[in-house]
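One-letter residues, chain by chain:
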Amino acid sequence: MRRLRSSTVVLGGMGVLAATITACGAEPDRRCADPVTLEELPSYRCETGGDDDDDDGTTVRPAYYYGGYVREARVAGGSFDRKAVETGGFGCSSSGSSGG
């Protein structure tokens, strides 16, 4: 039977640990979106806080939409609340929320 060197075991264990930490600490994808229409907007609109008047005269303040996906230029399957979106990953708990 072949024996593994201790350095191989240590390096392998460190790799698994690094992957676990990275997966648990990952931020969810974020996209700039209109909170009323859910239309995906260019990212600079969220970065500058660009308020625009809508057609009916109301002010629209873009916000970041976390997680989910884009279909037909609209965001879906995520949330405007970053803490509500779980990133999951190997070894992560699916309950509770992380501070931040």
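In short, a report on the structure.

**Some remarks on the overall build of the protein**
- Summing up its helical and strand segments, the protein has two helices and five strands in all.
- Moving toward the C terminus, one meets the helices and strands of the protein in the order α-β-α-β-β-β-β.
- Looking at the protein as a whole, 19% of its 100 residues qualify as buried.

**Re the nonpolar core**
- Counting six residues, the largest nonpolar core is built from Cys 32, Leu 41, Cys 46, Tyr 64, Tyr 66 and Val 85.
- Other than its neighbours up to four places away in sequence, Tyr 66 contacts Pro 28, Asp 29, Arg 30, Gly 78, Ser 79, Phe 80, Asp 81, Arg 82 and Val 85.

**Description of the packing of aromatic side chains**
- Applying the stated rule across the entire model yields one aromatic pair.
- Consider the rings of Tyr 65 and Phe 80, whose centres lie 5.0 Å apart with planes at 80°: the pair is edge-to-face. Of this pair, Tyr 65 sits in strand S4 (residues 63-71) while Phe 80 is found in the segment after strand S5 (74-79), placing the two residues 15 residues apart along the sequence.
- With relative accessibility at 30%, the residue Phe 80 sits in the partly exposed group.
- In this structure, Arg 30 packs its charged tip against the face of Tyr 64, placed 3.9 Å from the ring centre.

**Quick look at the environment of Ala 63**
- If you trace the backbone, Ala 63 turns up in strand S4.
- We classify Ala 63 as partly exposed; its relative accessible area is 26%.
- Here the alpha-carbon distance between Ala 63 and Cys 46, two residues 17 residues apart in the chain, equals 5.7 Å.

**A closer look at the pairing of S5**
- Bridge count for S4 against S5 is five bridges, and the pairing is antiparallel. For Tyr 69, the partnering residue across the bridge sits in S5 and is Ala 76.
- The turn joining S4 and S5, which pair antiparallel and follow one another in sequence, is formed by two residues; a positive phi near 55° is taken by Glu 72.

**Regarding the environment of Arg 82**
- Of note, Arg 82 is situated in the segment after S5.
- Of the residues examined, Arg 82 reaches a relative accessible area of 26% and is grouped as partly exposed.
- Taking the C-alpha atoms as reference points, Arg 82 and Tyr 64, separated by 18 residues in sequence, lie 8.5 Å from one another.

Cut-offs used in this document
- Residues numbered from 1 in each chain as written.
- Predicted model: local features only at pLDDT ≥ 70, side-chain atom pairs only at ≥ 80, totals over all residues.
- Heavy atoms only, no water.
- Helix = DSSP H or I, 4+ residues; strand = E, 2+ residues; numbered from the N terminus.
- Buried < 20%, exposed > 50% of the residue type's maximum accessible area, 1.4 Å probe, protein only.
- Core = buried A, V, L, I, M, F, W, Y, C linked by side-chain atoms within 4.5 Å.
- Contact = heavy atoms within 4.5 Å.
- Phe/Tyr/Trp six-rings, centres within 6.5 Å; stacked < 30°, edge-to-face > 60°.
- Lys NZ or Arg CZ within 6 Å of the ring centre and 35° of its normal.
- Pairing = 2+ DSSP bridges.

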